[in-house]
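Observations on the three-dimensional arrangement
One letter stands for each residue in the lines below.
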Amino acid sequence: MKIITLGTSHGACEKNRFCSGTLLITNGAAYLFDCGGAVEGTMTNLDIPTHIIKATFISHMHEDHVGTLSSIAKKFAIYHNSFKTKFFLPEENGVEGFKNWLKTIHIPLNDALSFATVLEGKVYEDENISVCAIPTMHIAGVPTFAYEVECEGKKIIYTGDLTNDFIDFPKVAFEENFDLIISEFTHCSIETMLNVVGQSKTKKVIFTHIYPHDEAPVLEATKKMPFDVTFAKDGQEFNI
């Protein structure tokens, strides 16, 4: 499987960094986790067809994680309507709001598009992957989620955004072995990275949703981590 970090910036775009979007590709099918930046444009530049996206999983309803979701819907509703895709959003009013927005911008809600509200536990399974939603606490009083993914016999966690102290970092990461954790690095300190993420039972960590910290002390701190660490760039590809 491939992981492609389409957008790796924090809550606003930076030069050479768009907002959050991470793509998993396996067996010719793609699964998108968050869609806040120029996902469609980045995929086009990388020669990845959008019609292979079977499902999109949103961690929370902040603009930098959903801001360009309509461009993916448009591709299916108008250009790829012989294919189907499904959007998983963490708030019921988010689903209805998104559907209303598509109507407002004249994107037809045809059979190419389907929608679901994310609930804790298994939310999706097909011949390629299974996806479970893990509640987090990024927005007080509002549903937000990390995702645990199994694919090709391997296990991945996508954290989405977390609290500043990472108290909601998925506990399963300390209990079971994972091949990869994709974690944000905007809301945590170097100390939190070491004390929380550093305790994970994983082979590799890819940091995305990156705030422009002073790189030198951050990179020095990663040398203390007991696994491989990468601070991802937009369009970077990882073979897992």
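Above this text is the structure in question.
Values in this document were obtained by computation on a predicted structure and should not be read as measured data.

1. Examining the packing of aromatic side chains
Summed over the entire model, instances satisfying the criterion amount to 16 aromatic pairs. With centroids separated by 5.0 Å and ring planes inclined at 15 degrees, the aromatic side chains of Phe57 and Phe88 adopt a geometry described as stacked. Of this pair, Phe57 sits in strand S4 (residues 53–57) while Phe88 sits in strand S5 (residues 85–89), and the two are 31 residues apart along the sequence. Given a relative accessible area of 0%, Phe57 falls into the buried group. Among the residues examined, Phe88 registers a relative accessible area of 3% and is labelled buried. Each ring, one from Phe166 and one from Phe169, has its centre 5.9 Å from the other, and the planes form 15 degrees; the classification is stacked. With relative accessibility at 2%, the residue Phe166 sits in the buried group. By way of ring pairs, the aromatic residues Tyr31, Phe33, Phe57, Phe88, Tyr124, Tyr147 and Tyr158 are connected into one cluster. The ring of Phe178 carries Lys155 above its face, with NZ or CZ at 4.7 Å from the centroid.

2. Considerations on unusual backbone geometry
In this structure, His106 takes a positive phi of about 65 degrees despite not being glycine. You will see that Phe166, though not glycine, has its phi angle at about 60 degrees, which is positive. Checked against the element boundaries, Phe166 lands in the loop between strand S10 (154–158) and helix H5 (172–175).

3. Structural notes on helix H3 (residues 69–79)
Of all 11 residues making up H3, eight are buried, and the element is well covered by its neighbours. The complete set of buried residues in H3 reads Leu69, Ser70, Ser71, Ile72, Ala73, Lys75, Phe76 and Ala77.

4. Re the environment of Phe18
Following the sequence through the fold, Phe18 ends up in the loop between strand S1 (2–7) and strand S2 (21–26). Here Phe18 falls in the partly exposed class, since its relative accessible area comes to 37%. With residues near it in sequence (within four places) discarded, Phe18 still touches Gly7, Thr8, Ser9, Cys13, Gly37, Ala38, Thr42 and Asp234.

5. Side note on the sheet that holds strand S7 (residues 121–125)
The strand order across the open sheet formed by seven strands is S7-S8-S9-S10-S11-S12-S13, and the pairing between neighbours is mixed. The open sheet has two edge strands with one neighbour each: S7 and strand S13 (228–231). Between one strand and the next, the sheet's axes are offset by a mean angle of 20 degrees, whatever the strand orientation. In this sheet, strand S12 (residues 204–210) lies alongside strand S11 (residues 180–185) in parallel orientation, the contact comprising five bridges. Across the sheet, residue Ile182 finds its bridge partner in S12, namely Ile206.

Each value, and the rule that gives it
- Residues numbered from 1 in each chain as written.
- Predicted model: local features only at pLDDT ≥ 70, side-chain atom pairs only at ≥ 80, totals over all residues.
- Heavy atoms only, no water.
- Phe/Tyr/Trp six-rings, centres within 6.5 Å; stacked < 30°, edge-to-face > 60°.
- Helix = DSSP H or I, 4+ residues; strand = E, 2+ residues; numbered from the N terminus.
- Buried < 20%, exposed > 50% of the residue type's maximum accessible area, 1.4 Å probe, protein only.
- Lys NZ or Arg CZ within 6 Å of the ring centre and 35° of its normal.
- Contact = heavy atoms within 4.5 Å.
- Pairing = 2+ DSSP bridges.
- Axes fitted to C-alpha atoms, helices over the stretch in contact; angles between N-to-C directions.

All quantities given are derived from atomic positions and should not be read as evidence of function.
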